[in-house]
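Here is what each chain is made of, one letter per residue.
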Amino acid sequence: MNSSKKNIFIILGIIAFIALYQYFVLAPYQAKFRQAPNPTTTASSAPTPSTTTEVATPKAVGAVAQESIVAANAPVSRDLVVSVQAGADRSIEVIEGAALGRAQLNDYFVRGASERTPVVLNTDRLEWSSSNASIQQCLNSLNKSSVFEGSPNQVLMKSSSASGACEFSVSPDPKHPSLVNVRLTLDGFASAPTDIVELRSQGKLGSDQQADQNYISYKFDDSIQTIHGADLFSKTEVRGRMSWLTWGDRYFSVIFRPTGSYTPDMNYGSLPTVAGIEDSEVPVSFALRYSAQPEPGKTRFDYSTDVYFGTRDPTVLNAIDPELVQTVDLGFFASVARLMLWSLKALNTFFHNFGVSIIALTLIVRALFWPLNKKAYSSTIAMKELQPEMERIRKKYDSTDRTQAEKMNKEVFALYKTKKVNPLGGCLPMLAQLPIFIGLYGALNHSIDLYQAPFFGWIQDLSMRDPFYILPVMWTLSLIGYMQINPQAMNTGQPGMPNMKWIMMGMNVLFGYLSKDWPSGLVLYLLVSNCVGLLQQFFLQRSSKKLQLLKEGA
Amino acid sequence: METHFREAFKKTPLRALAAFAAFSFYKMMIAPLLHSLGGVGMGCRYPQSCSEYASLSILEYGVLSGSVRALNRVCSCNPWTAPKPHLMVVQVKESIS
């Protein structure tokens, strides 16, 4: 088989690999999130109204919890009472029956939408419910007519019956936008020891178009658990002292932080697909579960929790409670990502455009490594000049003999030493730049600061992939160009080694293919870095040629 | 290398496979990105690149011994360590190279 035929086979093989990977690995993985799995239990299929889902007969609390997840059902339409303003651009709906509706963030927009649609967090429907029939009846009677005090800034609803009185209030925090206090007060109800009161949510998780990026995380008894991906479809129950619970996507979250004297248990599980929940979203139910039994000697007890709906912004969360910063997940290499984010933000105070800041960062990194690059290049040239001598040494020794091979190595080393080749070289300076790449990847993939950060022209969101794949194609081309002229990267022509040119080119194409889904800011960094590298290469080649001419002339 | 590996596959298929995996994994998956990030002139201080060295030494010395040699070489590749004389080149047998 001649070499051109073989090259065609290699390229066809790589294309086939990409196609098979897309078809067999990526497509099923994505499909898994497009479609919620079928419920394993049959109890969920009965469309009973939510008010009667709780079991009437007292059971152990754990058993009730399992039932309440399984018995989750399609939302019943209830009327909006009032929309509470929590900060200038944030509002959350209060619905009849001690429930919260949609939380809207008017200062952020849905990505990829044709029109500017404000981000809506699905607190849909976050409602109080109870296994005690008389408490549930009181909760149901909380409607428009029971509003005791209602304004865009505070809602208080009261209802009372012969068995007891209930009170539900939603009050925004005056200092922090997106933070509301949700409080339920019960007075005088006679309840069994096994009765529970739940703050329950049955809705989709997050609004991210990449559904696999949605997650639930919580801190119980000082240990943080994060559940994402396919694990969300399994049911879990957690008990203990709850610090916080958050659910949402990478950028937006709803955070619960109990503030009262009662600490809830938590359980969550996936729902069967119900009407109104789109296919691509992960429908998840969870409940903060309290005991409905008041403390001894008391008839009145209240459940209070802070609900935060907004961005996963460390500075905002730190102002509310330093502990809530833990809800921000910057990915696997969070510390590096934080460092990169910090430097990007520092640069952005000058440029006011994250795209320009990324370019500036690239130039700074390249400039910092320039002295090293120069030295390394000169030693590469020296190495090339030594090549004939190396060959001579290699041929001198019989390679089948191990002792001879050692002698040969020593001679090669001596040759290197006399010519002082590559004193500073090595792969460490190269590896040192890997954290920059990883950190940028983490920051661009997870940070709200870079959400919808525009660059110019067609790139309106640096944290999303390039919609027209212009940057990945340019990067691939620059990578191929770089490989062509960079002798170190190719490193071919060694005895016993094949000519890797075609395989390498195929690999560059494969990298280009992989980069199509990377955030465009990351590809921008790689592209600029590569272009600067090409320029440096040309400059060094020219200057070394001049030097050679001078030597020859002398 | 084609002939070299072809010969090796006939004699010790598992060893040759390990060698080829070590070589191609680095050369194909990591090297392009690393060199693109590293900048001009960055790279090997040795006459043979570590991926080549690793694959050839696995062929020559076996999977375990060859891997240890390769690891030793990678670790010695930093500004604070002088290049080690015994890790310079793996000589390929003339008959099959």
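Basis of the calculations
The written sequence of each chain sets the order in which its residues are numbered from 1. By the order in which they are written, chains take letters starting at A while ligands take numbers starting at 1. Local features in a predicted model are, by the rule used here, given only for residues with pLDDT of at least 70; side-chain atom pairs are given and counted only at 80 or more, and totals for whole chains, interfaces and linings are based on all residues. Side-chain numbers here rest on the full set of heavy atoms in the structure, without hydrogens or water. Orientation is described by axes fitted as lines to C-alpha atoms, over the contacting stretch for helices, and by angles from 0 to 180 degrees between their N-to-C directions. Secondary structure elements follow DSSP: runs of H or I no shorter than four residues count as helices, runs of E no shorter than two count as strands, and numbering proceeds from the N terminus. Here the word oblique covers every angle except those under 35 degrees (roughly parallel), over 145 (roughly antiparallel) and from 65 to 115 (roughly perpendicular). It is the rotation of the near helix from the far one that decides the hand of a crossing: anticlockwise by less than a right angle makes it left-handed, clockwise makes it right-handed. Whether two residues touch is decided by their heavy atoms; if any such pair falls within 4.5 Å, the residues are in contact. Throughout, nonpolar core names a set of buried Ala, Val, Leu, Ile, Met, Phe, Trp, Tyr and Cys residues whose side chains join them through atoms within 4.5 Å. Note on exposure labels: buried denotes an accessible area under 20% of the residue type's maximum, exposed denotes more than 50%, and partly exposed covers the range between, all computed with a 1.4 Å probe on protein chains only. In this scheme Phe, Tyr and Trp rings, the latter by its six-membered ring, pair at centre separations within 6.5 Å, and the angle between planes marks the pair as stacked below 30 degrees, edge-to-face above 60, and tilted otherwise. Pairing between two strands is assigned when DSSP locates at least 2 bridges connecting them. Note on disulfides: each one is a pair of cysteine sulfur atoms within 2.5 Å.

Peer 1: What should I look at first to understand the packing of helix α3 (residues 50-61) of chain B against helix α4 (residues 63-75) of chain B in this one?
Peer 2: How two helices pack is summed up by the angle between their axes together with the distance between the axes. Residue and element names in this part refer to chain B. Contact geometry for α3 and α4: axes closest at 7 Å, N-to-C directions at 155°. Here α3 lies roughly antiparallel to α4, going by the angle between them. The hand of the α3/α4 crossing is right-handed. Each of Cys-50, Tyr-53, Ala-54, Ser-57, Ile-58 and Tyr-61 in α3 lies in contact with α4, whose residues at this interface are Val-63, Ser-65, Gly-66, Ser-67, Arg-69, Ala-70, Arg-73 and Val-74.

Peer 1: So what exactly am I meant to see when it comes to the nonpolar core here?
Peer 2: Across soluble globular proteins, nonpolar side chains show a tendency to be buried alongside one another. With 53 residues, the main nonpolar core has A:Trp128, A:Phe168, A:Leu186, A:Phe252, A:Phe256 and A:Tyr303 as its most contacted residues. Of all hydrophobic cores here, the second largest spans 35 residues; its members include A:Leu444, A:Leu462, A:Trp475 and B:Leu37.

Peer 1: Help me out: how do you make sense of the packing of aromatic side chains in this one?
Peer 2: Here a ring pair, both rings aromatic, is described through the centre-centre distance and the interplanar angle of the planes. Residues and elements named next belong to chain A. Taken as a whole and judged by the stated rule, the model has eleven aromatic pairs over all chains. When the centroid spacing of 5.2 Å and the interplanar angle of 85° are considered together, the rings of Phe-252 and Tyr-451 count as edge-to-face. Placement of Phe-252 in strand β15 (residues 252-258) and of Tyr-451 in the loop between α9 (434-446) and α10 (470-485) is noted, with a sequence separation of 199 residues between them. Taken together, the ring pairs in this structure connect Tyr-108, Tyr-251, Phe-252 and Tyr-451 into an aromatic cluster.

Peer 1: Just checking my understanding: could you explain the pairing of strand β11 (residues 215-220) of chain A for this structure?
Peer 2: Residue and element names in this part refer to chain A. For β11, the buried fraction is high: six of the six residues fall into the buried class. Residue alternation in β11 divides its side chains into two sets, Tyr-215, Ser-217 and Lys-219 and Ile-216, Tyr-218 and Phe-220, and both sets are buried. For β11 and strand β12 (residues 223-228), the ladder comprises six bridges, and the chain directions are antiparallel. Note on β12: the bridge partner recorded for Tyr-218 is Gln-225. Counting the residues between successive antiparallel strands, the hairpin from β11 to β12 contains two residues, one of them, Asp-221, with a positive phi of roughly 50°. Relative to strand β14 (residues 242-248), β11 runs antiparallel, the two sharing six bridges. Along β14, the bridge assignment pairs Ile-216 with Trp-247.

Peer 1: Sorry, what's going on with the state of the cysteines here?
Peer 2: The term disulfide refers to a covalent linkage connecting the sulfur atoms of a pair of cysteines. All names here are of chain A. Inspection of every chain in the model, using the stated rule, returns one disulfide over all chains. One disulfide in the model links Cys-138 with Cys-166; its S-S distance is 2.1 Å. On the sign convention where negative is left-handed, the bridge of Cys-138 and Cys-166, at about -100° about the S-S bond, is left-handed. A residue pair is termed long-range when its members are at least 10 positions apart, and Cys-138 in helix α3 (residues 133-140) and Cys-166 in strand β8 (residues 165-172) qualify at 28 residues. Comparing Cys-138 with Cys-166, the two get one shared label, buried.

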